[in-house]
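Close look at the chain arrangement
Residue strings, one per chain:
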Amino acid sequence: TQLQCDQASNCEVGQASGDCYNMGEVPAWEAAEAVSSIFDVGSTVTSFGCTNTEAGNNVLEGTTTKYICDRDNLLEEPTGLMITPSHLRSSTAVGMRVYAHNNCPDCDPVSYLFEGRADSGSNWVQISQGDLPWKEATTFPRNSVLGRDISSSYTSGDSSLEF
């Protein structure tokens, strides 16, 4: 445990994972500081299954401004986002936050498929897949203020919002 590692004189804790390593053997990737998002401001956002092609379209801007995917004549097509961080460093995602639409339950995403790969030459693999909490709900709290800043951290979401 981290407590045991902290008490031992020959161990040190990895900053990213919290794992215990022998002194001097912490991998370089462990030195990275935890951040609220693995995506940076310069990340490339590509949507598919949408007729609108506005770059980014509010996906990563850090507010409750909604992302819009116009699906006219594409209702049978899969839809989604591919986001590539501009820093191109290896990252470990430990969670994902998706906020419900402010006033259109039929516009909400209802499920997700999260994929990743070890490097640009590797095949994509499924990391996680599932339904979002509002898929079967008849009522669900909605974020009623568009454009509100989201104040998240690595360990917790914005407590003033529902997520």
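Examining the overall build of the protein chain
From N to C terminus, the protein chain includes one helix and six strands. Listed N to C, the secondary structure of the protein chain is α-β-β-β-β-β-β in terms of helices and strands. Out of the 163 residues belonging to the protein chain, those deemed buried represent 18%. For the protein chain, the share of sequence-separated contacts (at least 6 apart) that also reach a separation of at least 24 residues comes to 45%.

Quick word on the state of the cysteines
Counted under the stated rule, the structure contains one disulfide. Covalently, cysteine 50 is tied to cysteine 69 through a disulfide, its sulfur atoms 1.9 Å apart. Here the S-S torsion is close to -105°, and the disulfide linking cysteine 50 with cysteine 69 is therefore left-handed. Here the residue cysteine 50 occupies a position in the loop between β3 (44-48) and β4 (80-84), and cysteine 69 occupies one in the loop between β3 and β4, the gap between them amounting to 19 residues. Cysteine 20 provides the cysteine sulfur closest to cysteine 11, a residue in no disulfide bond, and the two sulfurs are 3.7 Å apart. Judged by relative accessible area, cysteine 11 falls into the buried class, the value being 18%.

Considerations on the confidence of the model for the protein chain
Averaged over the protein chain, the pLDDT score is 76; the fraction of residues at 70 or greater is 80%. Taken element by element, the predicted model of the protein chain shows its lowest mean pLDDT in helix α1 (residues 2-7) (72) and its highest in strand β6 (residues 125-131) (90).

Focus on the side chain of serine 43
Position of serine 43 relative to the elements: it lies in the loop between β2 (20-22) and β3. Look past the residues within four positions of serine 43 in its chain and what remains in contact with it is Leu60, Ile83, Thr84, Pro85 and Ser86.

Topic: unusual backbone geometry
Of note, the phi angle at asparagine 73 is positive, near 60°, even though the residue is not glycine. Look at asparagine 73 and you get exposed, because its relative accessible area is 82%.

So, how was this worked out
- Residues numbered from 1 in each chain as written.
- Predicted model: local features only at pLDDT ≥ 70, side-chain atom pairs only at ≥ 80, totals over all residues.
- Heavy atoms only, no water.
- Helix = DSSP H or I, 4+ residues; strand = E, 2+ residues; numbered from the N terminus.
- Buried < 20%, exposed > 50% of the residue type's maximum accessible area, 1.4 Å probe, protein only.
- Contact = heavy atoms within 4.5 Å.
- Disulfide = S-S within 2.5 Å.
- pLDDT = per-residue confidence, 0-100.

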